[in-house]
Amino acid sequence: MHFSPEIEERLARLQEKYEAMGQDMTSYLDGLLHADFLTYWDYIHLDTLLSLQNPKTPFPDEEIFIIYHQITELYFKLVLHECKQITAAVPLTAEFFTGRLKRINRYFEALTQSFEIMVEGMEKDQFLKFRMSLLPASGFQSGQYRMIEIYATDFINLVAQDKREELRNATIEEQFEYFYWKFGATELSTGKKTLTLKQFEKKYAHTFIELGKANLHLNFNALFAELKNKSQSTPELVNELKQLDINVNVNWPLSHFKSAVRYLQREPEEIKATGGTNWQKYLPPRFQKRIFYPALWSVDEVENWGRGWVENIISKPA
């Protein structure tokens, strides 16, 4: 049998590769000979993926709720994939940083645009019934989302607004005790930690603290400051960082706020979230001032962070 020069060249390269590893190329070729062709459904484990929806109730719209949250977590995994590439890049260039931020922003923009599925895609009566079978689980418990925040900014910027100056020089462990989202998961009547928060801390607290320590000088804010000090920052990089701030700290939480208003706002008293979270104070950015890159915004922009969007949502009938 005659082999083309292209095949002969590749066989020679394979021979070199396996010899360098002390392996017999013929054995690997035998394996290739007997292997079946790859299929799409096997490659992405489609059957397994489609089997991961297990509703707790007979209400049809619960499956929508589950699938959308699973999609969200897959997008978060994509974001973290980019975060790890940014922090591992040596040397990190403004061009590479900008390119990966563009990817992250696209992921969050896709999520925000698709959140109408949660706002308008379920029957309100069904949601208010099946949600009671989910207690005390809550989307608040997304560990991946919290990891994205830790990659994106200095640890201190995730501390509750009224504690930031006091804890600016504190340890990572001390700062973590006052993270902003903890105050959104306290019982409204007693101020104590909800079971939702206790579960979340038990599973992830160590991971968050260690990630904070590892990214002390590798989070996006620190990396940007380093590039800026070297006069290597670009307007495109600044724009992508600001867009990330808006996507994560304004558009995404306010999409959730819009959904909460539709399903949970009721006179004279709002319905509580499944995890007991104080969604009225936790979700609107103007209360928490969740800002990754405060130095990139004007005083007026910081002061009115997300305000117009919230007022527009509240003014509309649920």
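Please refer to the structure placed before this passage.
A brief report on the enclosed structure follows. Within each chain, residues carry numbers counting from 1 in the order of the written sequence. Selection of residues for local features in this predicted model requires a pLDDT of at least 70, selection of side-chain atom pairs for listing and counting requires 80 or more, and totals for whole chains, interfaces and linings are taken over all residues. The side-chain numbers reported here are obtained from all heavy atoms of the structure, hydrogens and water having been left aside.

1. Overview of the nonpolar core
Working step 1: To qualify as a nonpolar core, a set must consist of buried Ala, Val, Leu, Ile, Met, Phe, Trp, Tyr and Cys residues joined through side-chain atoms within 4.5 Å. Think of it in three bands: residues with accessible area under 20% of the maximum for their type are buried, residues over 50% are exposed, and the middle band is partly exposed, with areas taken using a 1.4 Å probe on protein chains only. The biggest cluster of nonpolar side chains holds 68 residues, and the ones touching the most others in it are Phe-97, Phe-108, Trp-181, Phe-220 and Leu-241.
Working step 2: Helical segments are the DSSP runs of H or I of at least four residues, strand segments are the runs of E of at least two, and each set is numbered from the N terminus. Per-element tally for this core: the top contributor is helix α13 (residues 235-264), with 10 residues.

2. A look at empty space enclosed by the protein
Working step 1: Lining residues are defined by having an atom within 4 Å of a point belonging to a cavity or pocket. Those points lie on a 1 Å grid over the protein atoms alone, cavities being sets where a 1.4 Å probe fits but cannot get out and pockets being open sets with protein on both sides within 12 Å along at least five of seven lines. Grid points are joined across faces, edges and corners, and a volume is the space filled by probe spheres set on the points. Counted under the stated rule, the structure contains one cavity of 30 Å³ or more.
Working step 2: Estimates place the volume of the largest cavity at around 40 Å³.
Working step 3: In this structure, the largest cavity is lined by Ile-150, Thr-153, Asp-154, Phe-155, Gly-212, Asn-215, Leu-216 and Asn-219.
Working step 4: All amino acids are sorted into three groups, where Ala, Val, Leu, Ile, Met, Phe, Trp, Tyr, Cys and Pro are nonpolar, Asp, Glu, Lys and Arg are charged, and the leftover types, Gly among them, are polar. Grouping the amino acids of the lining of the largest cavity by side-chain chemistry returns three nonpolar, four polar and one charged.

3. Thoughts on unusual backbone geometry
Working step 1: Of note, the amide linkage connecting Val-90 to Pro-91 takes the cis form, showing an omega dihedral of -5°.
Working step 2: With respect to the helices and strands, Pro-91 occurs in the loop between α5 (61-88) and α6 (94-114).
Working step 3: A cis amide bond links Leu-135 with the next residue in sequence, Pro-136, at an omega value of -5°.
Working step 4: Of note in the backbone geometry, His-45 takes a positive phi value of approximately 55° without being a glycine.
Working step 5: Within the fold, His-45 resides in the loop between α3 (40-43) and α4 (46-49).
Working step 6: Taking relative accessible area as the criterion, His-45 reaches 54% and is therefore assigned exposed.
Working step 7: In this model, Ser-231 sits at a positive phi of 60°, which is unusual for a non-glycine residue.
Working step 8: Residue placement: Ser-231 occurs in the loop between α12 (220-229) and α13.

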